[in-house]
Structure formats: C-alpha cells, structure tokens
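# Analysis of the macromolecular model
The chain contents come next:
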There are 2 protein chains.
Amino acid sequence: MKETFALKGNLLYTPACGQLEQHPQSYLVCENGQVAGIFAQLPERYQGIPVDDYGDKLILPGLVDLHVHASQYAYRGLGMDMELLEWLECNAFPEESKFADLAYARQAYGIFTDELTRSATTRACIFATLHRPATLVLMELLDRAGLPCFVGKVNMDRNSPDILRETTEQSLEETRLWLEQSGDFTHVRPMLTPRFIPSCTDELMDGLGRLQREFGVAMQSHLSENLSEIQWVSQLCPDTAFYGQAYERAGLFGGACPTVMAHCVWSGEAERALMKENGVFIAHCPQSNMNVSSGIAPIKRYLLEGQKVGLGSDVAGGAHLSLFRAMTDAIQCSKLRWRLVDQQTGALTLPEALYMATKGGGAFFGKVGSFEPGYALDAVVLDDSALPTTRPCTLAERLERVVYLSDGLPCAKYAAGRRLF
Amino acid sequence: MKETFALKGNLLYTPACGQLEQHPQSYLVCENGQVAGIFAQLPERYQGIPVDDYGDKLILPGLVDLHVHASQYAYRGLGMDMELLEWLECNAFPEESKFADLAYARQAYGIFTDELTRSATTRACIFATLHRPATLVLMELLDRAGLPCFVGKVNMDRNSPDILRETTEQSLEETRLWLEQSGDFTHVRPMLTPRFIPSCTDELMDGLGRLQREFGVAMQSHLSENLSEIQWVSQLCPDTAFYGQAYERAGLFGGACPTVMAHCVWSGEAERALMKENGVFIAHCPQSNMNVSSGIAPIKRYLLEGQKVGLGSDVAGGAHLSLFRAMTDAIQCSKLRWRLVDQQTGALTLPEALYMATKGGGAFFGKVGSFEPGYALDAVVLDDSALPTTRPCTLAERLERVVYLSDGLPCAKYAAGRRLF
C-alpha cells in the first residue's frame, strides 16, 4: 500500500443528508488509508506524492450495501412473480440448502465475490447461509478481494424446511465456533445473523444475545418487511407489542453493538422510537420491497426523524447488485409514496439517495462514506464518456446521468486506501 | 431481402395476454416478411432455405415502444428531482427549441436512432418537435435504419414558451405540408401529434381533426397523466366532463384512425368507457409515471376490462429506452398498486408484461408482436450467456433473467423480415 498518495478528478460527496459537495479537478489526498483532505492544488507538504490522475472522470465515495444475501445471487431475477413467503419456500430455501456442499459454495460465492468486486460497492453487510464452513469460504473470498465487509452465518431453528434447519443447540454451538474461527481475516468481520423472528426460537434468540455480549459483535436481521410476516411474528411472540420487541427482549436491538435491520416498511411509532433510541440502522431495500410486494418504506420521514438509514440491494429479493439502481429505486418509490400514501412528506432527492448509499450506510462501519478528513478512503472512479448526449452537463448533472443511466461499474476502486483495481 | 428463410433458436412469445408459448430449438420460418410458421423440424417444402442458426439463444418478437420523445433523448436521466410541469419548463421546452437548428437535430436524432437501432425495440410511436424540417430528418434517419416507426411533428400553439410555439395557422399549414412530404419513406409513417391539450387551442384541435379525416393518419398524444395537468385541462376546457373529451370533440379520439394515448394514470370510468368503445390504445409508461410523480396507472384492471394496452419508455420522462426495463417497472409498480391502492386487482406477471411489450403494443401497427402465422417477422435474438449462475434454468426462467438483468441489447434483430444486424 502506498502510504500517502492522491486521486485526482472531479470529486463528489455528501457530508450531510441532501448536501452535495462538488470539487471539480481536485486532489483527494490519502494518508494511511484515510482522507487527509481535498485540495485544488497539492500543498507543498504533498509535492511529489504519487497521483492517480483520472482526468475528467467522476470520483465518489465507495458505496455501502447494508443488506445483501450472497447465497441468493445465483437466482437473482428469478421467481419475481411470487410474494415473500412463497418466494422463500420456492427459491431461497432450496437454493440455500445447497451450501452444505463446499464445492458448490465456492463456485456460487466466487461468482458473487467477483460481481461485488466489479461493482461500485466497497462495503456490505452480507447474509451467508446457516452453514459455518461455507460461510468461512465466503469470508475468505471477500477477504482476498480486499472488501471490508461484515458477513453473517445465518441462524434458523424453526419454521424452515428439513434441508435448511438447525437445532437450537447446533445453531448456538456452530455460531460460537464460527465466531472463534473468524478472527484471522484482515478485512472481513463476522456479524450475528438470526434470519428473522419466524426462523428463530426464543431460546435461540436468547443464546445469540449472550453470544453478542460475550463477543461484542455487530448484528443484522429483517424487520417489519411484509404484512403477512408481521402478523406471523405477532402470533409467534404474543407477548410483544411490536416486531422489534422480539429482538429487543433478547438484547439484540442496537445499543452497545451496531445493529442493522433490513426493510422497516411497516414500522409503527413505538418501533421507530426504539430504533432511534438504540441507534438501530435501517437498510432500505426499495427494489426488493417492490418485487415481493411489501410496500414502500417511509424513508424520507425516517430521515426527517433522525433515523440512521442506508441502502440495501437485498439481492435476491432485489434483482440488482448495483446501489445506483437502489438509489433511483429509492427516489422513484418515494415519489409514489408521496403521490399515493403520504402527501405531507415529499420525495427523496438524488443528493439524499447518494447520502444514504455512502455516508448514511457507511456510518455502520465507522467513519466511512465521505471525503471529509479522517474518513476511510473508499472511492470509486466513474467514466461517463460512453453516455452520449448533445448537451453540456454540469458535474451534478453528470452524476445524475451516471446514477440513472450507467451500468454502475467503476473503472477504478479503492477501499480503506487500498486500490482494488 | 431473402424471401424465405428461417431463424433457429429458443422461441418465446405471447399469443394472448399472460400466455407464454415456448418452442425450444425450433425453426421460425419467414415468407415475404411474415411468419409462415414454427416447426420443430423444417418441413419438406422448406428444405434448403437459408437458416440463421442462433444455437441456444433466446428469440423473442421485436419490442414495441408506444411512446417515446426522440427529441428528449439527449437529456434522459436529468432533472429527475422535478415534477411534470416544472420539468417541462426547465428541461423539455428549452431542449426542444434547439431543433430549429437542422445540424443540431441531425446530431441529436442520430444519437437517438443509433440507440434505438441497438435496442430490442423494432417499432415505436415517436414524438419529434414542432419543427417540420427536423422531423423529416428524424424520419429519414429511422427510415434508413429500417425501423418501421410512426413519427409525429408536434403541434403546440399555446401555453408554451416563445421559443417553442406556433400560431394556429402555422401549426396547421406546417402539418399539412409535412404530411404531404412524408409519403416517400419506405418504413416510416407520419402520425398527428398534438402535444397535449394544454398546448393546443380548440381551433388547432379542430383543424387537426379535419386533417386526420382528410389524410387518414394515426394520432398520438398524452392523457390523464398527472393530477395538476388534469386540473389545468378542466380549466382550459370547462365544457368537457373529462380530459379525453377534449380530444373526442375534435374527432381525435380513436374510431377510424388508430389512436394512442400515453399514461392514462388517472382515467375515470367515463374516459375508460370511451377509450374502449373507440379502440384507443393506452401507452403505459411506468418509469416516467414514477419519475415525474404522476402515480401508478391501473394497468392490470385495464387489461381485465379489455382495453388495448402497450408499453412506452417515455424517454425522457423515463430515463431508459429499454422496454425490458419498462416491463419490470410495470410489474413492480403493479405490485405497489396492489399493496397500497387496490387490493382487489392483483399484480402484473412477466408473461403479461411481455404481451404488452410485444403483441399488445404491436396491434397498433397491425399484425405485429407475435410469432403466429401471418404476423410481421419482427424478432430479436438475446444472448444470456453473460449472466452467470450456478443454477440450471428453464426457458421461462432464462427469459425472466434476460428481462430483469441483461442490458437489453440483442445480438441480432429483424423487422418485417429484414435483418437489421
């Protein structure tokens, strides 16, 4: 790793939600993996450092995917005419059961890791499957690719097919063993991953709560995604007032350890108050919420409330790994929500969507997702020259075109100051 | 043109709405530009005809775009944080005014024609601008590319900026002259194109109605897209009961001449009854309806009612020219409508979306959009080998992946029996 170097190009980032900073033809200086500053001309103290000059291209913070199922990548874009619970039965569960076979896991996770590497995403919170050895394979592949991700071995001990279910004891023992085996990776970290409440008994949740307090690890799961799922949870946990309580009573709902909950389409006031109090992150997955007919999460309102919100591709509920697609899906869904559901809260804007895809989700990883000094130097370089137009565009317009129109693949990519390609 | 030949590959089409026909490894025989039949083996009478063998690739009917603005292609994906009327003021009108310059028009329409040629779209109903010479340039380019499209010189004589407005007399004279000059194209045909009621005085509409009866040409416009637009129309035409009547009273709402209306997001019962009675086609443009915050058209219900429905990209209200994207947008929007607005009417399925993108919209052009005998041989060949998966897929699943995941660009394309590439 070059310890001090600079990227040069057109820098764009969002220091605050909705605020787009633009630095045309500027230097982004990296020292020891972190942003040292942005300069129109290199100051004297940096004269002579290596400069990766990207000419007129656009440079953005690396994108952060707060919710993606690596084990579902192989069937993204399939079974999209089904609703959530049917889709899980017919697609997710049979496919995930194949990861008992390590050779299969290596092939499938290899495809996923290759595609994630090529994408504009630098960090992600990733679901594997319940299989410990296969989960370690995924972590090894991501670590070798240099992607600083969280990965979770999934827990599920009820309401799952025989081919994809653990006993409570197995689930806890395997999770402990996996946490102990996960210490050797350079870039990748483990996070607890109870699939969702319908798949996890109270005993399993309590045990995972104890493991979290012992190991101090982050945690991810699903929350209030779909109306039929929420009804099911209220039947399974009759002593809870809302879905999130089923996590909270096990001590698994934010607080000391970073927690991210995918979806939150239908979270009520009490649930939202608790999320805010505990600093729970919301992974907004708009395309998945359309594909499995969940609805539209009130994300603009969440942002106004001060919730912590990032974006998720939710492959394979979502068909696309690109977070640029997630950004435009989020904007488009927010417009429909504004028109059809809640005329009080306006639509999301492009700078708000970019914030969620970078600094919003990045905060889960610490100082990530911005070009402010002290932030990890995650960056992607985008070439918009293949998008023909007769119109001269401002930097902000070029950003909008890249987000809406490009294939989302950067021509260069950096994570924590390391150049990945 | 080879008079009799065959395509070989995996044939997929929708003879009826929602009904997917699959012919793996079959021959699609073309005679004089039309489908002669589908055969597992070539019958004796066709032995020795040329065969374009596409191996294991997928072959679909060419897609039909019932609504697209060629003059807006240069700024697709821009200004997406605005609502319809603001977006027209800031984006559409200034850009369209540039088409007074023929050199600019040739450049911009060249980009559009190149991209349309590369796409899976074989036919389209296209808005140009109000400029007759530039419209003829677009028609010339499309004709040379071999794309059998309808193109409209736009009419607008009110509520438009000075840089983009005709007098009523100019508008009618230029339209007549343009219709007279449009007879020499081989593949491209003219259609009347009053922009929308707010842009056209009653006198202009009446004059266009007379021109339609004289020339017998098809017609396209916008209808019931956006709530503020509808309110405006009711103020401009106080003696009409609904938006569609403002077209009908000029004799411009279906009947003898084919008519297509874009959007119909908010069409009420009376408007829908009249559309059905007069055989007016609906161009459903789901992405545009999201981008400019119009809403979700009740397309599943329209299909159940027996309306004639096709899909439109509506570039640049929509950012994407690909009708595969329009198909998935239509499905996703229908799921949100089902969840949030109308629980009685289910979501669209992939075969229904494919039907709308092929035979549904194709009917506007005659026997187009199917592989049934007698239909025009419009076909696109799709290579899905670049979409990695570990899972063996059925033909229907491969279709779903191509629609959701591919870049939408075919590797070969035919229109009316002519191979375009």
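It should be emphasised that the depicted structure is a prediction, and the values quoted were computed from it without experimental measurement.

## Observations concerning the overall build of chain A
When helices and strands are tallied, chain A shows 13 helices and 16 strands. The C-alpha radius of gyration computed for chain A amounts to 21 Å, which stays within 12% of the reference 22 Å derived for 421 residues, consistent with globular compactness. With the C-alpha coordinates aligned to their principal axes, the bounding extent of chain A is approximately 65 × 50 × 40 Å. Sequence-distant contacts in chain A: of pairs separated by 6 or more residues, those separated by 24 or more amount to 75%. Carbon and sulfur atoms provide 48% of the accessible area of chain A, an area that totals close to 13800 Å².

## Considering the pairing of strand 14 (residues 379-382) of chain B
Residues and elements named next belong to chain B. Alternating residues of strand 14 divide into Ala379 and Val381 and Val380 and Leu382, and every residue in both groups is buried. When strand 4 (residues 51-61) meets strand 14, the two strands line up antiparallel, connected through 4 bridges. Within strand 14, the residue paired with Leu58 across the bridge is Leu382. Sheet topology note: the strand 14/strand 15 (residues 412-415) ladder contains 3 bridges and is antiparallel. By the bridge assignment, Val380 is partnered in strand 15 with Lys413.

## A few points about the relation of the copies chain A and chain B
Each copy of the chain is related to the other by a rotation around an axis and a translation along that axis. Relative to chain B, chain A is turned by 180 degrees and slid 0.0 Å along the rotation axis, the superposed coordinates differing by an RMSD of 0.0 Å. Interpreted geometrically, this transformation is the action of a two-fold axis. When the interface residues of chain A are mapped onto chain B, 100% of them again lie at the interface, so the same face is used by both copies.

## Side note on the confidence of the model for chain A
Interpretation of this model should avoid reading the predicted coordinates in detail wherever pLDDT is low. Confidence in the prediction for chain A averages 96 pLDDT; 100% of positions are at 70 or higher. Overall fold confidence for the complex sits at a pTM of 0.98, while the interface term, ipTM, reaches 0.97.

## Brief notes about the packing of aromatic side chains
Here the structure, examined in full by the defined rule, presents 26 aromatic pairs over all chains. Their ring planes at 85 degrees and their centres at 5.2 Å tell us that A:Phe281 and A:Phe364 sit as a pair that is edge-to-face. With a gap of 83 residues between them, A:Phe281 in strand 12 (residues 281-284) and A:Phe364 in the loop between helix 12 (350-362) and strand 14 (379-382) connect regions that are remote in the sequence. Here A:Phe281 matches A:Phe364 in class, with each residue buried. When the centroid spacing of 5.5 Å and the interplanar angle of 80 degrees are considered together, the rings of B:Phe150 and B:Phe364 count as edge-to-face. Here B:Phe150, found in strand 7 (residues 150-152), pairs with B:Phe364, found in the loop between helix 12 (350-362) and strand 14; they are 214 residues apart in sequence, far enough to count as distant. Here B:Phe150 and B:Phe364 have matching classes, each one buried.

## Here we look at the interface of chain A and chain B
Taken together, the contact between chain A and chain B spans 54 residues of the former and 54 residues of the latter. Between chain A and chain B lies a buried interface of about 4600 Å² when both sides are counted; carbon and sulfur atoms form 56% of it. Of all residues in chain A, A:Arg339, A:Thr390 and A:Arg391 bury the most surface against chain B, accounting for 14% of the area lost on that side. In this structure, the connection of chain A to chain B is made through 22 residue pairs in polar contact (both at pLDDT 80 or more). Those elements giving two or more residues to the side of chain A that touches chain B turn out to be helix 1 (84-97), helix 2 (102-118), helix 9 (286-291), helix 11 (323-340), helix 12 and helix 13 (395-405) of chain A. With 11 residues, the single largest contributor to the side of chain A that touches chain B is helix 11 of chain A. Of the residues that constitute the side of chain A that touches chain B, the class distribution is 25 nonpolar, 16 polar and 13 charged.

## Things to note about the domain arrangement of chain A
Residue and element names in this part refer to chain A. Split into domains, chain A comes out as domain 1 (4-61 + 369-419) and domain 2 (63-365). The straight-line distance from the C-alpha centre of domain 1 to that of domain 2 is 29 Å. With 30 residues of domain 1 at the interface, the matching set in domain 2 holds 27 residues. Taking both partners together, domain 1 and domain 2 bury about 2300 Å²; carbon and sulfur atoms supply 66% of that area. Taken as a group, Cys17, Val403 and Lys413 account for 25% of the area that domain 1 buries against domain 2, more than any other trio of residues on that side. Counting across the domain 1 and domain 2 interface gives 2 salt bridges.

## Focus on helix 4 (residues 168-181) of chain A
Between its terminal C-alpha atoms helix 4 of chain A stretches 20 Å, which fits the 20 Å expected from 14 residues at 1.5 Å a residue. Buried residues along helix 4 of chain A sit in contact with helix 3 (132-145), strand 7 (150-152), strand 8 (154-155), strand 9 (189-194) and helix 5 (202-215) of chain A.

## Quick notes on the sheet that holds strand 16 (residues 418-419) of chain A
Residue and element names in this part refer to chain A. Strand order in the open sheet formed by 7 strands is 3-2-1-4-14-15-16, with mixed pairing between adjacent strands. Bordering the open sheet on either side are strand 3 (34-39) and strand 16, each of which pairs with just one other strand. The sheet strands contacting helix 12 are strand 1 (4-16), strand 2 (19-31) and strand 4 (51-61), and the helix crosses strand 1 at an angle near 125 degrees.

## Description of the sheet that holds strand 3 (residues 34-39) of chain B
Residues and elements named next belong to chain B. Taken in spatial order, the 7 strands make up an open sheet running 3-2-1-4-14-15-16, and their pairing is mixed. Bordering the open sheet on either side are strand 3 and strand 16 (418-419), each of which pairs with just one other strand. Judged from the 5 bridges that link them, strand 2 (residues 19-31) and strand 3 form a sheet pairing that is antiparallel. Residue Cys30 lies in a different strand from strand 3, and its bridge partner there is Val35.

## A look at the environment of A:Arg210
Tracing the chain through its elements places A:Arg210 in helix 5. As a C-alpha pair, A:Arg210 and A:Phe5 span 205 residues in sequence and 44 Å in three-dimensional space.

## Some thoughts on the pattern of salt bridges
Applying the stated criterion to the full structure yields 46 salt bridges over all chains. Taking the shortest distance from any N to any O, the salt bridge between A:Glu96 and A:Arg195 comes out at 2.7 Å. With a gap of 99 residues between them, A:Glu96 in helix 1 and A:Arg195 in the loop between strand 9 and helix 5 connect regions that are remote in the sequence. When its relative accessible area of 0% is taken as the criterion, A:Glu96 is described as buried. Residue A:Arg195 is classed as buried on the basis of its relative accessible area, which comes to 2%. Residues B:Glu140 and B:Arg144 are paired through a salt bridge, measuring 2.6 Å at the closest nitrogen-oxygen approach. Remark: B:Arg144 and B:Glu140 occur in helix 3 (residues 132-145); sequence separation between them is 4 residues, near one turn of the helix. Within the structure, one salt-bridge network assembled from shared partners comprises A:Asp56, A:Asp384 and A:Arg398.

Conventions and cut-offs
- Residues numbered from 1 in each chain as written.
- Chains lettered and ligands numbered in written order.
- Predicted model: local features only at pLDDT ≥ 70, side-chain atom pairs only at ≥ 80, totals over all residues.
- Heavy atoms only, no water.
- Helix = DSSP H or I, 4+ residues; strand = E, 2+ residues; numbered from the N terminus.
- Rg over C-alpha atoms; globule rule 2.2 N^0.38 Å.
- Contact = heavy atoms within 4.5 Å.
- Areas by Shrake-Rupley, 256 points an atom, 1.4 Å probe, with all protein chains shown as cover.
- Buried < 20%, exposed > 50% of the residue type's maximum accessible area, 1.4 Å probe, protein only.
- Pairing = 2+ DSSP bridges.
- Least-squares fit on C-alpha atoms with pLDDT ≥ 70 in both.
- pLDDT = per-residue confidence, 0-100.
- Phe/Tyr/Trp six-rings, centres within 6.5 Å; stacked < 30°, edge-to-face > 60°.
- Buried area = accessible area lost by both parts, 1.4 Å probe.
- Polar contact = N/O pair within 3.5 Å; in protein donor to acceptor, adjacent residues only side chain to side chain.
- Nonpolar A, V, L, I, M, F, W, Y, C, P; charged D, E, K, R; others polar.
- Domains from an automatic or database assignment.
- Salt bridge = Lys/Arg side-chain N within 4 Å of Asp/Glu carboxyl O.
- Expected span 1.5 Å × (residues − 1).
- Axes fitted to C-alpha atoms, helices over the stretch in contact; angles between N-to-C directions.

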